[in-house]
Amino acid sequence: MIRNGPVALAFHALFIGFIVAPLLIVCVVSFTPLGYISLPTDGISLRWFAAILDNPRFISAFWISLALGLVSSFISTLLAVPAALAVARFRFRGRDAISALLLSPLMIPHIVLGVSFLRFFSSLGLNGSFAGLVIGHVIVILPFALRLTLAAATGMDPAVERAAVSLGASRLTVFRRVTLPLILPGIVSGWLLAFITSFDELTMSVFIASPSTTTLPVRMFLQIQDTIDPMVAAVSTLLIAGTVVLMLALDRLVGLERLFVGKARR
Amino acid sequence: MKPQRAAPYLLSLPALAVYAVFLAAPIVSIALISFQHFEFYGGIQPGFTLENYAQVVSDSYYWEIFGRTFAIAAVVTVLCAVLGTFEAIVLHRMDSRWKSLFLLIVLGPLLISVVVRTLGWALLFGSTGLVNRALLATGLFAEPIQFMYSNLGVVVALTHVLVPFVVISVWASLQRVDPAVERAAVALGAGPATIVRRIVVPLAMPGILSGSVIVFALAASAFATPAIIGGRRLKVIATAAYDEFLNTLNWPLGASLAVVLLVANVLVLVTSNRLIERRYRAVFAESAA
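Residues numbered from 1 in each chain as written. Chains lettered and ligands numbered in written order. Predicted model: local features only at pLDDT ≥ 70, side-chain atom pairs only at ≥ 80, totals over all residues.

(A) Region of interest: the overall build of chain A. Of regular secondary structure, chain A possesses 12 helices and zero strands. Shown N-terminal to C-terminal, the secondary structure of chain A runs as helices and strands in the order α-α-α-α-α-α-α-α-α-α-α-α. Each principal axis of the C-alpha atoms in chain A carries an extent, and together these give about 70 × 60 × 30 Å. The buried share of chain A, taken over its 266 residues, is 46%. Taking as baseline every contact in chain A between residues at least 6 positions apart, the subset at least 24 positions apart corresponds to 76%. (Helix = DSSP H or I, 4+ residues; strand = E, 2+ residues; numbered from the N terminus. Buried ≥ 20, exposed ≤ 12 C-beta atoms within 10 Å, placed from the backbone. Contact = placed C-beta atoms within 7 Å.)

As structure tokens, this is what we get:
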């Protein structure tokens, strides 16, 4: 094993600084006692966090994003689990094509999805509705739910299922008592990643959200375009804190690097 | 378990049906209106025309947007490839305790909204001016640099947003490298720089390339960062399409921009993945034989 030399460690320190700096400044600025963006040099204050509570537009955007994330990640997981089992456990004609197709939304820029849904939903009279947002989000996050479930199902030893069958278990019992518990960590982490992706999605939602269905990222984006005040920083600080909690959960569950590489290590 | 023939099709059917109705149909509908004529007072007209594409291809205004988008994406890709590769190598050589901590710090931002990360850069560049204060304090710069509303600012912020993709993909390919290779190089008298240049980087090349392809595709279609840091004047394809759809309301023209972006994106991703796979499959097959 080769160790890092001083040059490598100096580079590493600068790189970590580069990664952390913008997140850190958001958190620092949100504690300012002043009425504008400034470093809290004389004392810290929670006034901008309190200001969020008095801002109904941000509060309702939060609830919409939360509901949207929960509903769409639930639906996408329901669709992804059977599809992942099909691709992982069966050899059949068109398998590669189907699995490529299922992951295809990853190749489509969100801006293209946004304008396509805007056009499509307008012609159906669905534009700006919560249902429209759910449909759009399910499409965007399904590949994330699928990839992690797929990794778990591929990594599972099929002999376990055969053993259960030979012991007289029915198909349903095998699925419920053997397969499902074994791939559950994959399903849960896929669902969590899908939820986070939905909760953070901006580029597509900006086209299909109406004033009454504005999601939190869209609300923040519109606010930042208008003016940057310490309250947006306070909202961002809360988001960073929430993400860190979910991230630690995911790290425990699957290991963060596997989450992004999308392959089970065995 | 005895596999039934229809089972895999039935299992994947719900997801595929949802895609057919809610993914294929919207994209076809946007492709269709990109071939229709737009009247400022009459909206979208029926019929078939190539005028939107003709305008996008011939108008120097759009050439500038395409050029800027491509240039920003190219520079961001090179920066991410270089910085991400070195960081992945450094991480790979760390103690497992430090490695998992720093991996969390480097990859974690991928889960934080792009709006939040870009806001951070807007604060560093603009309102607090911390970046310029730091640059002036080093004594290397005589006057402040314009980061907000400049290509440079967009490049820096996008590099921050996208560099984790290179780190993760290089890190994954380093995992498969036999540590004995590096030890052999040391035993044969290679210096640290030589080992990185002649051994580690070539072995990590599949990861460097596939990470770079992802970064290029995402940088070329980025929306939030160019919109916030670049502002209204520095348009890229994504922000130009946004304006056509939500401000000018010329949907056919915006649709043609979206189609161009989609086709370019899919072409880049598919061909480069093919090339990388073909090239490195040959390498692996050779070394196995």
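(B) Just the overall build of chain B, in detail. A tally of regular secondary structure across chain B gives 12 helices and two strands. In chain B, the order of α-helices and β-strands from amino to carboxyl end is α-β-β-α-α-α-α-α-α-α-α-α-α-α. Structurally, chain B occupies a C-alpha span of about 75 × 75 × 35 Å along its principal axes. Taking as baseline every contact in chain B between residues at least 6 positions apart, the subset at least 24 positions apart corresponds to 73%.

(C) The interface of chain B and chain A, seen in detail. In this complex, chain B contributes 75 residues to the contact, which on the side of chain A involves 74 residues. When residues of the side of chain B that touches chain A are assigned to their parent elements, the largest contribution, 17 residues, is made by helix α1 (residues 7–33) of chain B. Along the lines of polarity and charge, the residues of the side of chain B that touches chain A split into 60 nonpolar, 11 polar and four charged. (Nonpolar A, V, L, I, M, F, W, Y, C, P; charged D, E, K, R; others polar.)

(D) Layout of α1 of chain B. Residues and elements named next belong to chain B. Spanning 27 residues, α1 covers 38 Å between terminal C-alpha atoms, matching the ideal 39 Å at 1.5 Å per step. Where α1 bends most, the angle comes to about 45°, and this point is L13, followed within four residues by the proline P14. Of all the residues in α1, the buried ones are P8, S12, A15, L23, P26, I27, I30 and I33. (Expected span 1.5 Å × (residues − 1). Bend = angle between axes of the 7 residues up to and from the residue.)

(E) Just the nonpolar core, in detail. Counting residues in hydrophobic clusters, the biggest one holds 164 residues, and the most contacted among them are A219 and A258 of chain B. Those residues in contact with A219 of chain B that lie beyond four places of it in its chain are I72, A73, V76, T77, L158 and L162 of chain B. (Core = buried A, V, L, I, M, F, W, Y, C linked by C-beta atoms within 7 Å.)

(F) Structural context of the environment of V268 of chain B. Residue and element names in this part refer to chain B. Counting through the fold element by element, V268 comes out in helix α12 (residues 251–288). As a C-alpha pair, V268 and V213 span 55 residues in sequence and 7.7 Å in three-dimensional space. Those residues in contact with V268 that lie beyond four places of it in its chain are V213, F216 and A217.

(G) How the structure looks around the packing of helix α3 (residues 56–89) of chain A against helix α6 (residues 130–155) of chain A. Residues and elements named next belong to chain A. α6 packs onto α3 with a crossing angle of 40° between their chain directions and a minimal axis gap of 6 Å. Taken together, α3 and α6 sit at an angle that is classed as oblique. Seen along the crossing, α3 lies across α6 with a hand that is right-handed. (Axes fitted to C-alpha atoms, helices over the stretch in contact; angles between N-to-C directions. Parallel < 35°, antiparallel > 145°, perpendicular 65-115°, else oblique. Left-handed = near helix turned anticlockwise from the far one by under 90°.)

(H) Local environment of the domain arrangement of chain A. Residues and elements named next belong to chain A. Taken domain by domain, chain A comprises domain 1 (1–46) and domain 2 (55–261). Taken together, the seven residues of domain 1 in the interface contact eight residues of domain 2. The residue inventory of the side of domain 1 that touches domain 2, partitioned by class, reads five nonpolar, two polar and no charged. (Domains from an automatic or database assignment.)

(I) Seen up close, unusual backbone geometry. Residue and element names in this part refer to chain B. Of note in the backbone geometry, Y149 takes a positive phi value of approximately 55° without being a glycine. Classification of Y149 by C-beta neighbours within 10 Å gives partly exposed; the count is 15. We note that L249 has phi near 65°; this positive angle belongs to a residue other than glycine. Along the chain, L249 falls in the loop between α11 (237–248) and α12.

(J) Summary view of the packing of helix α7 (residues 151–175) of chain B against helix α9 (residues 192–220) of chain B. All names here are of chain B. Running from N to C, α7 and α9 point in directions that differ by 155°, and their axes come no closer than 8 Å. Judged by the angle between their axes, α7 and α9 are roughly antiparallel. Regarding α7 and α9, the two cross each other, and that crossing is right-handed. Of α9, the residues touching α7 (which contributes L158, L162, F165, V166, S169, V170, A172, S173 and L174) are A204, P206, G207, I208, S210, G211, S212, I214, V215, L218 and A219.

(K) View of the environment of L257 of chain B. All names here are of chain B. Note that L257 resides in helix α12. The sequence separation of L257 and A15 amounts to 242 residues, and the corresponding C-alpha distance is 29 Å. With sequence-adjacent residues up to four places away left out, L257 is seen in contact with V56, I237, A240, A241 and E244.

(L) Quick peek at the environment of I27 of chain B. As for its position among the elements, I27 of chain B is in helix α1. You can call I27 of chain B buried: it has 20 C-beta atoms within 10 Å.

(M) Spotlight on the confidence of the model for chain A. Summarising the model, chain A shows a mean pLDDT of 90, and 97% of its residues fall at 70 or more. Per-element confidence in chain A is highest for helix α9 (residues 205–208) of chain A, whose mean pLDDT is 96, and lowest for helix α12 (residues 256–261) of chain A, whose mean pLDDT is 70. (pLDDT = per-residue confidence, 0-100.)

(N) Structural view of helix α5 (residues 114–127) of chain B. Taking 1.5 Å of rise per residue, the 14 residues of α5 of chain B would be expected to cover 20 Å, and the 19 Å separating its terminal C-alpha atoms lies within 8% of that figure. In terms of burial, α5 of chain B is largely enclosed, as 12 of its 14 residues are buried. Buried residues in α5 of chain B make contact with α1 (6–29), α10 (216–226) and α11 (230–253) of chain A together with α6 (130–138), α7 and α10 (224–230) of chain B. Positive phi shows up at G129 of chain B, right after α5 of chain B, with a value of about 60°.

(O) Inspection of the confidence of the model for chain B at higher detail. Residue and element names in this part refer to chain B. Averaged over chain B, the pLDDT score is 90; the fraction of residues at 70 or greater is 96%. Strand β2 (residues 43–45) is the least confidently modelled element of chain B, averaging 82 in pLDDT, while helix α3 (residues 60–92) averages 96, the highest of any element. Among the scores for the predicted complex, ipTM is 0.90 and pTM is 0.91.

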